[in-house]
Amino acid sequence: MSDAQNEKTPGLSADEEQEVSHNQPPRAAVLHEIIRYQGDQELERTLAALWWSALAAGLTMGLSLMAMGLFYARLPEGDSAQVVASLGYSAGFLAVILARQQLFTENTLTAVLPVMTAPTLSNLGRLLRLWSVVLLGNLAGTLLVAWVMLELPIFDSKTDIAFLDVGRKVMTNDISQMFAKGIVSGWMIATMVWMIPSMEHAKIWIILVITYLMALGDFTHIVVGSVEVSYLVWAGDETWQAFWLDFALPTLAGNIIGGSFIFALISHAQVRSDSGKPPSQLLKYEKPKKD
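The numbering scheme is per chain: residues are counted from 1 as the chain's sequence reads. Only residues with pLDDT of at least 70 get local features here, since the model is predicted, and only at 80 or more are side-chain atom pairs given and counted; chain-wide, interface and lining totals rely on the full set of residues. For side-chain calculations, the full set of non-hydrogen atoms in the structure is used, while hydrogens and water are omitted.

**Points about the overall build of the chain**
1) Next: On a plain count of helices and strands, the chain comes out with 14 helices and 0 strands.
2) Next: Helices and strands appear in the chain in the N-to-C order α-α-α-α-α-α-α-α-α-α-α-α-α-α.
3) Next: Note on exposure labels: buried denotes an accessible area under 20% of the residue type's maximum, exposed denotes more than 50%, and partly exposed covers the range between, all computed with a 1.4 Å probe on protein chains only. Counting over 291 residues, the chain shows a buried share of 46%.
4) Next: Here, Shrake-Rupley sampling with a 1.4 Å probe gives the accessible areas, and only protein chains in the shown set may cover a residue. Entry remark: accessible area of the chain is about 15000 Å², with carbon and sulfur atoms responsible for 62%. Helix numbers and strand numbers start at the N terminus; a helix is a DSSP run of H or I with at least 4 residues, a strand a run of E with at least 2.

Dropping the structure here:
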């Protein structure tokens, strides 16, 4: 009898031992395969499907600025206001992820794993195609929703001022801070994406906690930040040059490095280095068969 069998808790029935086996958390390799499979499905989508989904995500991300501005406009000034208003930051992420819309920073993990698994020129081309379309769609949506929030008579003057203050706070970062905070933000989003498959029943709480901490730490995110900073530009408070050079490019680079080159690479290396052999039924995440 093996040492592992000797160490088992005595008195368990066969059904109880099976229950123990079924209640084990999924191995890293299983999570990797689930996310890799999802990424491969995204890479196969048509340009039109990617574009419209990404545009919708950019528009939906306006909810984050909207919720934060509404909170700030109705809370007393002080540090405690950010503790509460940061909950509003999660609104856009919850809507986008639960609606299965295309968010660029999610794709820094899901779409990258298929390329790391099979690093071919074809897969790299598919990744760059997806990244380009999704990023452009997200940015188009954010710029449009920021313009609508400013130009249409939707909010009172106090809330409009709160929107400006949120954007100004982002622009107090210099280029190196935009980049460094973007790395942390990209890593946090990738962590969130990695956690969700193992705790699908707690998806809402995972999204809420991770994105709330992002807001509380003032970490920069290319999509949400584009709503915040473009609102300043449409209002004449900033220039498009500052939007692209001081905010967008360093933040985008940080998000990609944090999500792809740090989290995705380490997670992939972990799985490749894992010498344990999973049960045969967990080796591959298969698409459910149609009736």
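**Let's talk about the pattern of salt bridges**
1) Next: A carboxyl oxygen of Asp or Glu within 4 Å of a side-chain nitrogen of Lys or Arg is what we treat as a salt bridge. Counted under the stated rule, the structure contains 9 salt bridges.
2) Next: A salt bridge links arginine 126 to glutamate 44; its shortest N-O distance comes to 2.3 Å. Of the two residues, arginine 126 sits in helix H9 (residues 121–151) while glutamate 44 sits in the loop between helix H3 (28–43) and helix H4 (47–60), which places them 82 residues apart along the sequence.
3) Next: Across the pair aspartate 218 and lysine 169 runs a salt bridge, and its minimum N-O distance is 3.5 Å. Pair noted here: aspartate 218 is in the loop between helix H12 (203–216) and helix H13 (222–234) and lysine 169 is in helix H10 (residues 157–171), with a separation of 49 residues, a long-range link.
4) Next: The class for lysine 169 is partly exposed, based on a relative accessible area of 35%.

**Considerations on the packing of helix H6 (residues 79–98) against H12**
1) Next: Note on definitions: angles span 0 to 180 degrees between N-to-C directions of axes, and those axes are lines fitted to C-alpha atoms, for helices only across the stretch in contact. At a minimum axis separation of 8 Å, H6 and H12 run at an interaxial angle of 130°. Regarding the angle of H6 to H12, the classification is oblique. Classified by chirality, the crossing of H12 by H6 is right-handed. Taken together, the residues of H12 that come into contact with H6 (itself represented by Gln82, Val83, Ser86, Leu87, Tyr89, Ser90, Phe93, Leu94, Ile97 and Leu98) are Lys203, Ile204, Ile207, Leu208, Thr211, Tyr212, Met214, Ala215 and Leu216.
2) Next: Among the residues forming the contact of H6 with H12, the class breakdown is 14 nonpolar, 4 polar and 1 charged. In these notes the angle categories are as follows: under 35 degrees is roughly parallel, over 145 is roughly antiparallel, 65 to 115 is roughly perpendicular, and the rest is oblique. Two helices crossing with the near one rotated counterclockwise from the far one by less than a right angle form a left-handed crossing, whereas a clockwise rotation gives a right-handed crossing. Residues count as neighbours in contact if any of their non-hydrogen atoms are within 4.5 Å of one another. Each residue receives one of three labels: charged for Asp, Glu, Lys and Arg, nonpolar for Ala, Val, Leu, Ile, Met, Phe, Trp, Tyr, Cys and Pro, and polar for the others, Gly being one of them.

**Remarks on the environment of leucine 98**
1) Next: Within the element layout of this structure, leucine 98 appears in helix H6.
2) Next: The exposure class assigned to leucine 98 is partly exposed, which follows from its relative accessible area of 43%.
3) Next: Along the chain, leucine 98 and lysine 203 lie 105 residues apart, while their C-alpha atoms are 8.7 Å from each other.

**A few points about the UniProt feature "transmembrane region" (unreviewed entry) in the chain**
1) Next: UniProt positions are given in the numbering used here, feature names are shortened, and annotations may be inferred rather than shown by experiment. Cross-referencing UniProt, the feature "transmembrane region" (unreviewed entry) maps to residues 49–75, 81–99, 130–150, 178–197, 204–227 and 247–267 in the present numbering.
2) Next: Between the C-alpha atoms that bound residues 81–99 the distance is 29 Å, and the span itself is 95% helix and 0% strand.
3) Next: Between the C-alpha atoms that bound residues 178–197 there is a distance of 30 Å. The span itself is 90% helix and 0% strand.

**Notes on the nonpolar core**
1) Next: Of all hydrophobic cores here, the largest spans 68 residues; its most connected members are Met61, Phe93, Phe104, Leu109, Met192, Ile222 and Phe247.
2) Next: If one sorts the elements of this core by residue count, H9 sits on top with 11 residues.
3) Next: Every residue in contact with leucine 109, bar those within four places of it in the chain, is listed here: Ile35, Ala190, Val193, Trp194, Gly259, Phe263 and Ala264. To form a nonpolar core, buried Ala, Val, Leu, Ile, Met, Phe, Trp, Tyr and Cys residues must be joined to one another through side-chain atoms within 4.5 Å.

**Quick word on the packing of aromatic side chains**
1) Next: Within 6.5 Å between ring centres, the rings of Phe, Tyr and Trp (the latter by its six-membered ring) count as paired, and their orientation is classed by plane angle as stacked under 30 degrees, edge-to-face over 60, tilted in between. Within this structure, the stated rule accounts for 9 aromatic pairs.
2) Next: Here tryptophan 234 and tryptophan 240 contribute two aromatic rings whose centre-to-centre distance is 5.1 Å and whose plane-to-plane angle is 85°, an arrangement assigned as edge-to-face.
3) Next: Of the residues examined, tryptophan 240 reaches a relative accessible area of 32% and is grouped as partly exposed.
4) Next: Ring centres 5.5 Å apart and planes at 75° place the aromatic pair tryptophan 240 and phenylalanine 243 in the edge-to-face group. Placement of the pair is tryptophan 240 and phenylalanine 243 together in helix H14 (residues 240–273), with a separation of 3 residues, close to one helical turn.
5) Next: For phenylalanine 243, a relative accessible area of 0% corresponds to the buried category.
6) Next: Aromatic ring contacts, followed pair by pair, group Trp234, Trp240, Phe243, Trp244 and Phe247 into a single cluster.

**So, the packing of H3 against H9**
1) Next: At their nearest, the axes of H3 and H9 sit 10 Å apart, and the two run at 75° to each other. Taken together, the axis directions place H3 and H9 in an arrangement best described as roughly perpendicular. Contacts from Asp40, Glu42 and Leu43 of H3 reach H9 at Arg126, Leu127, Arg129 and Leu130.
2) Next: Grouping the constituent residues of the contact of H3 with H9 by class yields 3 nonpolar, no polar and 4 charged.

**Focus on the side chain of threonine 220**
1) Next: Structurally, the position occupied by threonine 220 is in the loop between H12 and H13.
2) Next: Ignoring sequence-local partners within four residues, the contact set of threonine 220 consists of Asn173, Met178, Lys181, Gly182, Ser185, Thr251 and Asn255.

**Notes on the confidence of the model for the chain**
1) Next: Within a predicted model, pLDDT stands for the predictor's per-residue confidence, ranging from 0 to 100. Looking at the chain, pLDDT values average 87 and 85% of them are 70 or higher.
2) Next: The low-confidence segment residues 277–291 (pLDDT under 50) makes 9 contacts with residues lying over four places distant or belonging to another chain.

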